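Here is how the chains run, residue by residue.
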Amino acid sequence: MRKIINISAYLFSFIFMIGTFFSMLKLPFSNILIYIGETIAGLICLPLIFFFKWREHKLTKNRLLFQWLFGQSAVVIFVISTWLRFNNHYFANITLLISFTVLAFTFLPLLFYNMYKQSLEEI
């Protein structure tokens, strides 16, 4: 089951990147590929990977758990902001700003701190 989740996360992330590439080249179906790729990868596959890591007790330390929770919340808010952007909604820019704020001020510092702590434990 876990291999299927990882392969589908890769596949839909790849679809998202192809949609972004098509968007830069102004090719048709770019919005549909972006929408499908990020929705399924961000709202289904990544939370399932988080669930399986939590179930296997790989997230026993609180700092790792909070890193994953803040990362997942940033992804969910980013997906919501792109949905709003496709609908030309007023709050699209606000949700995008919130997503990048969560990413920059909570997820990334926790990620770098966890990497630092892990390097100290390996020494």
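Everything quoted here is computed from the prediction, not taken from an experiment.

A closer look at the pattern of salt bridges
Should their charged atoms come close, side chains of opposite charge can pair. Taken as a whole and judged by the stated rule, the model has 1 salt bridge. The closest approach of N and O atoms between Glu121 and Arg63, which form a salt bridge, is 3.6 Å. Here Glu121 is found in helix 4 (residues 92–122), whereas its partner Arg63 is found in helix 3 (residues 62–86), with 58 residues between them in sequence. Using a relative accessible area of 22% as the deciding quantity, one classes Arg63 as partly exposed.

Quick notes on the confidence of the model for the protein
Mean pLDDT over the protein works out to 90, with 100% of the residues at or above the 70 mark. Least confident of the elements in the protein is helix 2 (residues 30–55), whose mean pLDDT is 88; most confident is helix 4, at 93.

Focus on the environment of Phe14
Relative to the helices and strands, Phe14 resides in helix 1 (residues 2–24). C-alpha separation for the pair Phe14 and Leu33, spaced 19 residues apart in sequence, amounts to 9.7 Å.

Examining helix 1
Compared with an ideal rise of 1.5 Å per residue, which puts 23 residues at 33 Å, helix 1 spans 33 Å between its outermost C-alpha atoms and is within 8% of the ideal. All of the buried residues along helix 1 are Ile5, Ser8, Ala9, Phe12 and Gly19. Here the buried face of helix 1 lies against helix 2.

Procedures and definitions
- Residues numbered from 1 in each chain as written.
- Predicted model: local features only at pLDDT ≥ 70, side-chain atom pairs only at ≥ 80, totals over all residues.
- Heavy atoms only, no water.
- Salt bridge = Lys/Arg side-chain N within 4 Å of Asp/Glu carboxyl O.
- Helix = DSSP H or I, 4+ residues; strand = E, 2+ residues; numbered from the N terminus.
- Buried < 20%, exposed > 50% of the residue type's maximum accessible area, 1.4 Å probe, protein only.
- pLDDT = per-residue confidence, 0-100.
- Expected span 1.5 Å × (residues − 1).
- Contact = heavy atoms within 4.5 Å.

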